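# Structural overview for review
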Amino acid sequence: MPGQENMTDVTVIRGNVYERLSHVIDPEIGRSVTDLGMIVAIDVAPSHSTEGVRAPGRFDVTVHVELTVPGCPLTQTIQDRIDEAVASYPGLELVPHIEVGAMDADKLTGLVSSLKAERRENPFNKPGIKTRIFAIASGKGGVGKSSVSANLAATFSALGYDTAAIDADIYGFSLPGLFGVHSQPTNLNGMLMPVTAWGVKLISIGMFAGADRAILWRGPRLQRSLEQFLSDVWWGQPDVLLLDLAPGTGDMAISVAQALPNAELVVVTTPQPSASDVAVRSGLVALQVPLKVRGVVENMSYFDHAGERLRIFGEGGGTRVSDRLTDALGYDVPLLASLPLEPDIREVGESGRPAVLDSDGSLADTPLASSFTALARRLIG
Ligand SMILES: Nc1ncnc2c1ncn2[C@@H]1O[C@H](COP(=O)(O)OP(=O)(O)OP(=O)(O)O)[C@@H](O)[C@H]1O
């Protein structure tokens, strides 16, 4: 029967295209566009030339997409991914056309409540979860904890890990600045989508202004904020979650231990003894709460100048913290890295790019990036 063959082609192609779209991931929610109900129809029609002649092996494929938030900043990314999935169909030439609409209120409510229901189980608390959680702590401020968190997160992401970071330093938040984030998280019917910058999914109180900040920050106490970041934000299942904790030795670690029992504490210190004493105290919270201290990072350890390694802030702080925590906790708390004093950390960091990255987002070919890569590999290994 004439046309029968085309009908079969069309049906098969439609099924295969749907299957291919099931691998297209919504960059905010981290789920496939088919799982999220975003693909509402796929029309496949044989292509014809302008003279009306059938073009053999070529089909027009129209994908009808419903977005969760119309005009959301990632619309183009989603469209590009769908385009790519259709156009790379093997063996045939498929010409993608994308019709973009928005989910109606009922569908969106349904989607958000199913995501919320799933998330109520605390994605980071289930046995066997794949996410490694590192809480970056320091006893006192100014030792570079936020710079280490930002550059470490950027390194993990550049190495190919799906990476998220929470700026848990409520009063002294600095991650939005260090990542050059000026946008607000998308609010999807009460569920917040983290902002992605330099490949890292980020959330910080600093991303919210005025009334929004007050809404997010419902709880009266500092430690409530972490629970809210975990419960109000859609995280998916990243490979790595970093927490930039507020400086100090107390409350925050307790709420981390409660909300994220798998979290591993990383203590940042500088080489001088005055900093290392208080850094030891920030690690000793692990005596009171069930939290593993993964190790110590000594920041601003040395400055390489004209072939000479200068120890501007003295030396031994990192080793001292490592030794004392190992003694007190009864297990090995290694010195994981000694990071250089590198003016780029501040200069490039202040421009909104973690200094370990080149402007194209790849890892820079610098001693600093090598140090962070070694640290990231050691943490995850
Ligand atoms: N390795 C480094 N080399 C050069 N400058 C650094 C380095 N690490 C951090 N800095 C700079 O030191 C200053 C303090 O760093 P940062 O804000 O990361 O510290 P912090 O411990 O998070 O402080 P706070 O908790 O007070 O925010 C910043 O200006 C930062 O750019």
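Residues numbered from 1 in each chain as written. Predicted model: local features only at pLDDT ≥ 70, side-chain atom pairs only at ≥ 80, totals over all residues. Heavy atoms only, no water.

When helices and strands are counted, the chain shows twelve helices and 15 strands. Once the C-alpha set of the chain is aligned to its principal axes, its extents read approximately 85 × 50 × 40 Å. Of all intrachain contacts in the chain linking residues separated by at least 6 positions in sequence, the fraction that spans at least 24 positions is 74%. Accessible surface for the chain amounts to roughly 16900 Å². Of this, 52% is attributable to carbon and sulfur atoms. Of the charged side chains in the chain, 31 are positive and 44 negative, and the gap between their average positions amounts to 7 Å. (Helix = DSSP H or I, 4+ residues; strand = E, 2+ residues; numbered from the N terminus. Contact = heavy atoms within 4.5 Å. Areas by Shrake-Rupley, 256 points an atom, 1.4 Å probe, with all protein chains shown as cover. Lys, Arg positive; Asp, Glu negative; His and termini not counted. Charge placed at Lys NZ, Arg CZ, Asp CG, Glu CD.)

All right, on to the sheet that holds strand β1 (residues 39-48) then. The three strands are arranged β1-β2-β3 in an open sheet whose pairing can be described as mixed. Where the open sheet ends on each side, the last strands, each with one partner, are β1 and β3 (93-102). Along the sheet, successive strands turn relative to each other by an average axial angle of 20°, direction set aside. Set on the sheet, helix α2 (residues 75-87) makes contact with β1, β2 (54-67) and β3; between it and β3 the angle comes to about 150°. (Pairing = 2+ DSSP bridges. Axes fitted to C-alpha atoms, helices over the stretch in contact; angles between N-to-C directions.)

Before going further, it helps to spend a moment on the sheet that holds strand β8 (residues 195-197). With mixed pairing, eight strands are arranged side by side in an open sheet as β8-β9-β5-β10-β4-β11-β12-β15. Since the sheet does not close on itself, it has two edges, and those belong to β8 and β15 (335-338), each with one partner. When the angles between neighbouring strand axes are averaged without regard to direction, this sheet yields 25°. As paired strands, strand β5 (residues 163-167) and strand β9 (residues 200-204) are joined by five bridges and run parallel to one another.

Turning our eyes to something else, we now look at helix α10 (residues 317-329). With 13 residues, α10 should reach 18 Å at 1.5 Å per residue; the first-to-last C-alpha distance of 18 Å fits that figure. For α10, every residue scored as buried is listed here: Gly317, Gly318, Val321, Ser322, Leu325 and Leu329. Burial along α10 is one-sided: seen end-on, the buried residues are contained in an arc of 130°. In the core, the buried residues of α10 are packed alongside β11 (264-269), α9 (273-284), β12 (292-298) and β15. (Expected span 1.5 Å × (residues − 1). Buried < 20%, exposed > 50% of the residue type's maximum accessible area, 1.4 Å probe, protein only. Arc of directions from axis to C-beta.)

For the rest of this paragraph, the subject is helix α11 (residues 343-350). All of the buried residues along α11 are Ile345, Val348 and Gly349. Viewed along the axis of α11, the buried residues span an arc of 105°, placing them on a single side of the element. Just downstream of α11, Gly352 is the residue with a positive phi angle, here 95°.

Summarizing the sequence annotation, UniProt attributes the feature "binding site: ATP" (unreviewed entry) to Gly139, Lys140, Gly141, Gly142, Val143, Gly144, Lys145 and Ser146 in the numbering used throughout. With respect to the helices and strands, Gly142 occurs in the loop between β4 (132-137) and α4 (145-158). With respect to the element layout, Ser146 can be found in helix α4. (UniProt positions renumbered as here; feature names shortened; annotations may be inferred.)

With five of six residues buried, β4 lies mostly within the body of the structure. Across five bridges, β4 lies against strand β10 (residues 240-244) in parallel orientation. Across the sheet, the residue bridging to Ile133 is Leu241, located in β10.

A few words on the domain arrangement of the chain. For the chain, the assigned domains read domain 1 (4-103) and domain 2 (132-380). When each unit is reduced to the centre of its C-alpha atoms, the spacing between domain 1 and domain 2 is 40 Å. Surface buried jointly by domain 1 and domain 2 totals about 620 Å² across both partners, of which 63% is contributed by carbon and sulfur atoms. A per-residue breakdown of the area domain 1 buries against domain 2 is headed by Glu28, Ile29 and Val69, which together make up 69% of the total. At the surface where domain 1 touches domain 2, the tally comes to one residue pair in polar contact (both at pLDDT 80 or more). In terms of residue class, the side of domain 1 that touches domain 2 is made up of four nonpolar, two polar and two charged. (Domains from an automatic or database assignment. Buried area = accessible area lost by both parts, 1.4 Å probe. Polar contact = N/O pair within 3.5 Å; in protein donor to acceptor, adjacent residues only side chain to side chain. Nonpolar A, V, L, I, M, F, W, Y, C, P; charged D, E, K, R; others polar.)

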